[in-house]
Amino acid sequence: METAPSKTLQKRQVIFLAVLLLLWEAGSEAIRYSMPEETESGSFVANLSRDLGLRVGELAARGARIHYKGNKQLFQLDKTTGNLLLYEKLDREGLCGATDTCILHFQLLLENPVQFFQAELQLTDINDHSPEFLEREMLLKIPENVQRGTVFSLKTAQDFDIGSNTIQNYTISTNSHFHVVTHNRGDGRKYPELVLEKALDREEQPELRLTLTALDGGAPPRSGTTTVHIEVVDINDNAPEFLQSLYEVEIPENSPLNSLVVVVSARDLDAGTNGNVAYALFQGDEVTQPFVIDKVTGEIRLKKALDFEVTRYYNVEIAATDGGGLSGKCTVAIEVVDVNDNAPELTMSTLTSSTPENFPETVVAVFSVSDPDSGDNGRMVCAIQNDLPFLLKPTFKNFYTLVTERPLDRESKAEYNITITVTDMGTPRLKTQHNITVLVSDVNDNAPAFTQASYTLRVRENNSPALHIGTVSATDTDAGANAQVTYSLLPPADPHVPLASLVSINADNGHLFALRSLDYEALRAFEFRVGAWLVFVVVRRCGRGGAARAGRCSVPEGPFPGHLVDVSGTGTLSHSYQYQVRLTGGSGLNEFKFLKPALPNLPTRGAGEEIEANATFRNSFGFN
């Protein structure tokens, strides 16, 4: 009869075998969805059951869950309906920064059996940011003799939105001297320039205050403003000019603070104060920029730590202004070089608490690895100890499964401590270790074995009922319920022997008892067998005066051990015979010797006497 634990183990075996087949069935094509950013939490994204062709309720039955890098929860999955819902509002700029396309990659993991589906959600931009100037006011010093049509650079505003929702146009407040022209940069961003339409006269108007407005392309558009303060100065007919319009430089992300990045240089053909040049960061707030420039020497140095994984490129605009207020500018393109400063990360998705013995290729754990570094610094290798019966198998992208290499034997080793080591290929190599403990659950694969190959027990005839005549003992190397031994008497070989009325055994401890008074003259020999796997007991009669005929058994002289019944109280038998009980058995080989009833050699008697004695023996126990 098959027990419930064995059925469960068989079911697990089938499941684990199916897991290994399904691990490779995950499609390489991702399911793509799209929705606007800032959509309310709880909003419907998609029905995964329908899109994946799964049956109703299959997601719940197979333990489906959503995996996103770092175990961050962006979605919630209704396993009953298959609906994928937003867990919280998603901010495109917060998740993807200033990139034009914001795609969130996530995986649907089915645990029973294991199967992966790749999915991605594209967050489309909404116009949720207004243009913003970093400075509330910008100062321009313009000589009064500047010609009509002269162009002056203005600082740009920032808008974290993308596409048509970012800055599309600049305007200037109404005045009689200037207008603004909006230009396109090579990367698609817009920047303003101030154009002089009417000549300035310092004596007539020494300064102007104009409002510069940045407008995005939303509907309705958002805007931001700053003040342009124009001071009209005396003649200075040469503006500073940089030796290079573009400086390109690379800097490692682990460079120490105050490291020299680059030196820029500009010259002014004017003399005196009109020819003295001062350098400054033209675009960007000094507080937020990781760089600082010496206004005299033009040295650009690092003032904040860099992080390649956060920002890889900087475009810094430098202004050189002379004493007369004229300025020129250049651009410094700074590329941050990656160094191996991030150790690999391991995220455990599935971990089984125990693994049954005797099962081939069982899935123990499913996990993913990641490293935000680039190139070889981000390439990883996974490994475990060599002396373990386990293997690591790559499954889907950076997912791995830990499986058993061969069937485990709990009786040899019941617990394994496994260290998963993830090492990147950078210089120096960085690694992360994750320790797991695998418990081997027991399978009933060991038979009980008796502690002795044979037992010899003695009892005198005419004993008291319920006499304890001895104990047998067996052990089982399995664990738990599989190691609990129960003793029982098996039916005798001769169905006419009323074994149940002669001897009993305690099912828990193996104690043997004579249930009734035994009469040697009536009872010559009988079989039983004890079930704990299979053994046989034979009762033989022996003469008191020494060795029995044919050398089958012997009886010691003098008093018997205390556990035997002394009927007369003198320490000797009240009759001239005793019974010997002998138990034999194997040690789990399932092969046993069947002992037949043995009759001792009796004094010579006629054939009629022997027949009469046998009839008396049978009649005394109700044999027919």
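Residues numbered from 1 in each chain as written. Predicted model: local features only at pLDDT ≥ 70, side-chain atom pairs only at ≥ 80, totals over all residues. Heavy atoms only, no water.

Engineer: Describe the overall build of the protein, and please don't skip the residues or the numbers.
Structural biologist: Counting secondary structure elements, the protein contains 5 helices and 41 strands. Going through the 624 residues of the protein one by one, you find that 43% of them count as buried. Total accessible area on the protein stands at roughly 32,100 Å², and carbon and sulfur atoms take up 50% of it. (Helix = DSSP H or I, 4+ residues; strand = E, 2+ residues; numbered from the N terminus. Buried < 20%, exposed > 50% of the residue type's maximum accessible area, 1.4 Å probe, protein only. Areas by Shrake-Rupley, 256 points an atom, 1.4 Å probe, with all protein chains shown as cover.)

Engineer: Could you give me a rundown of the sheet that holds strand S38 (residues 511–514), with the residues and numbers involved?
Structural biologist: Adjacent strands of a sheet pair through backbone hydrogen bonds, lying either parallel or antiparallel. On the basis of which strands lie adjacent, the open sheet formed by 3 strands has the order S34-S38-S37 and antiparallel pairing. Each of the sheet's edge strands pairs with one partner strand only, and the pair in question is strand S34 (467–471) and strand S37 (503–505). Strand-to-strand twist of the sheet, defined as the mean angle between neighbouring strand axes without regard to direction, takes the value 25°. Here S37 runs beside S38; their pairing, made up of 3 bridges, is antiparallel. Bridging across to S38, Ile-505 finds its partner in Leu-512. (Pairing = 2+ DSSP bridges. Axes fitted to C-alpha atoms, helices over the stretch in contact; angles between N-to-C directions.)

Engineer: Explain the sheet that holds strand S3 (residues 65–67) to me, using residue names and the numbers behind them.
Structural biologist: The 4 strands lie next to each other as S1-S7-S6-S3, forming an open sheet whose pairing is mixed. Every other strand in the sheet has two partners, leaving strand S1 (31–36) and S3 as the edge strands with one partner each. Taking each pair of neighbouring strands and ignoring which way they run, the sheet shows an average axis angle of 30°. Pairing analysis gives 10 bridges linking strand S6 (residues 102–111) to strand S7 (residues 114–124), with the strands arranged antiparallel. Among the inter-strand pairings, Leu-108 is bridged to a residue of S7, identified as Phe-117.

Engineer: Give a detailed account of the pairing of S7, specifying residues and quantitative values.
Structural biologist: Within S7, 9 of the 11 residues are buried, which leaves the element mostly enclosed by the surrounding structure. Here S1 runs beside S7; their pairing, made up of 6 bridges, is parallel. Residue pairing for S7: Arg-32 is matched across the bridge by Glu-120.

Engineer: Which residues make up the side chain of Asp-442, and what values do they have?
Structural biologist: With respect to the helices and strands, Asp-442 occurs in the loop between strand S31 (431–441) and strand S32 (449–450). Polar contacts involving the side chain of Asp-442 include one to the side chain of Arg-410, which spans 2.9 Å. A polar atom in the side chain of Asp-442 sits 2.7 Å from the side chain of Asn-482. (Polar contact = N/O pair within 3.5 Å; in protein donor to acceptor, adjacent residues only side chain to side chain.)

Engineer: Describe the pattern of salt bridges, naming the residues involved and giving the relevant values.
Structural biologist: The tally for this structure, following the rule as stated, stands at 18 salt bridges. Ionic pairing is found between Glu-137 and Arg-209, a salt bridge with its closest N-O pair at 2.8 Å. Of the two residues, Glu-137 sits in strand S8 (residues 137–143) while Arg-209 sits in strand S13 (residues 207–216), which places them 72 residues apart along the sequence. According to the relative accessible area criterion, Glu-137 is partly exposed, its value standing at 38%. Between Arg-301 and Glu-299 there is a salt bridge; the shortest N-O distance is 3.3 Å. One continuous salt-bridge network, built from bridges that share partners, spans Arg-92, Glu-93 and Asp-125. (Salt bridge = Lys/Arg side-chain N within 4 Å of Asp/Glu carboxyl O.)

Engineer: With reference to specific residues and values, describe the packing of aromatic side chains.
Structural biologist: On inspection of all chains with the given rule, the structure shows 9 aromatic pairs. The interplanar angle of 50° and the centroid separation of 6.1 Å between the aromatic rings of Phe-242 and Tyr-279 together place this pair among those described as tilted. With Phe-242 in strand S15 (residues 241–242) and Tyr-279 in strand S19 (residues 277–281), the pair connects residues that are 37 residues apart, well separated along the chain. We note Lys-155 situated over the ring of Phe-282; from NZ or CZ to the ring centre the distance is 5.8 Å. (Phe/Tyr/Trp six-rings, centres within 6.5 Å; stacked < 30°, edge-to-face > 60°. Lys NZ or Arg CZ within 6 Å of the ring centre and 35° of its normal.)

Engineer: How would you explain the state of the cysteines if you had to name every residue and give the values?
Structural biologist: Two cysteines form a disulfide when their sulfur atoms are joined by a covalent bond. One pass over the structure, following the stated rule, counts 1 disulfide. One disulfide in the model links Cys-96 with Cys-102; its S-S distance is 2.0 Å. As the torsion about the S-S bond is roughly 60°, the Cys-96-Cys-102 disulfide counts as right-handed. You'll find Cys-96 and Cys-102 in the same group, each marked buried. (Disulfide = S-S within 2.5 Å.)

Engineer: Kindly report on the environment of Lys-431, identifying the contributing residues and their values.
Structural biologist: Examined against the element boundaries, Lys-431 turns out to sit in strand S31. Judged by its relative accessible area of 53%, Lys-431 falls in the exposed class. C-alpha of Lys-431 to C-alpha of Val-381: the two residues are 50 residues apart in sequence and 9.3 Å apart in space. Setting aside anything within four residues of it in sequence, one finds Lys-431 in contact with Ala-343, Pro-344, Thr-421, Val-422 and Thr-423. (Contact = heavy atoms within 4.5 Å.)

Engineer: Give me the pairing of strand S29 (residues 399–404): which residues, what numbers.
Structural biologist: The buried fraction of S29 is high, at 6 of 6 residues. Taking every second residue as pointing to the same face, both faces of S29 are buried, with Phe-399, Thr-401 and Val-403 on one and Tyr-400, Leu-402 and Thr-404 on the other. One ladder, built from 5 bridges, connects strand S26 (residues 363–370) with S29; its direction is antiparallel. Of the residues in S29, the one forming a bridge with Val-363 is Val-403. Bridging between strand S28 (residues 390–394) and S29 involves 5 bridges; their strand directions are antiparallel. Looking across to S29, one finds that Pro-394 is bridged to Tyr-400.

Engineer: Explain a negative patch on the surface to me, using residue names and the numbers behind them.
Structural biologist: On the surface, Asp-201, Glu-203, Glu-204 and Asp-234 cluster together into a patch of negative charge. Mapping Asp-201 onto the fold places it in the loop between strand S12 (190–196) and S13. Exposure remark for Asp-201: the relative accessible area of 32% places this residue in the partly exposed category. (Patch = residues over 30% accessible without salt bridge, like charges linked within 9 Å, V, L, I, M, F, W, Y side chains within 5 Å. Lys, Arg positive; Asp, Glu negative; His and termini not counted. Charge placed at Lys NZ, Arg CZ, Asp CG, Glu CD.)

Engineer: Would you mind going over unusual backbone geometry in detail, with residue names and values included?
Structural biologist: The omega torsion across Asn-112 and Pro-113 is 0°, close enough to zero to call that bond cis. Its place among the elements puts Pro-113 in the loop between S6 and S7. Cis geometry is adopted by the peptide bond preceding Pro-220, which originates at Ala-219 and carries an omega value of 0°. Of note, Glu-38 is a non-glycine position whose phi angle comes to about 65°, a positive value. The topology assignment puts Glu-38 in the loop between S1 and strand S2 (44–47). Positive phi is not limited to glycine here, since Glu-361 has a value of about 45°. Among the residues examined, Glu-361 registers a relative accessible area of 27% and is labelled partly exposed.

Engineer: Any chance you could break down the environment of Thr-486 for me, citing the residues and the numbers?
Structural biologist: Relative to the elements of secondary structure, Thr-486 occurs in the loop between strand S35 (474–475) and strand S36 (488–490). Along the primary structure Thr-486 and Pro-448 are separated by 38 residues, whereas in three dimensions their C-alpha atoms are 9.7 Å apart.

Engineer: Would you mind going over the confidence of the model for the protein in detail, with residue names and values included?
Structural biologist: Predicted coordinates in regions of low pLDDT should not be interpreted in detail. Per-residue confidence for the protein gives a mean pLDDT of 79; residues scoring 70 or more make up 79%. Between the elements of the protein, mean pLDDT differs from a low of 35, seen in helix H5 (residues 607–620), to a high of 97, seen in strand S17 (residues 260–263). The model gives residues 1–27 a pLDDT under 50, and that stretch makes 38 contacts with residues more than four places away or in other chains. (pLDDT = per-residue confidence, 0-100.)

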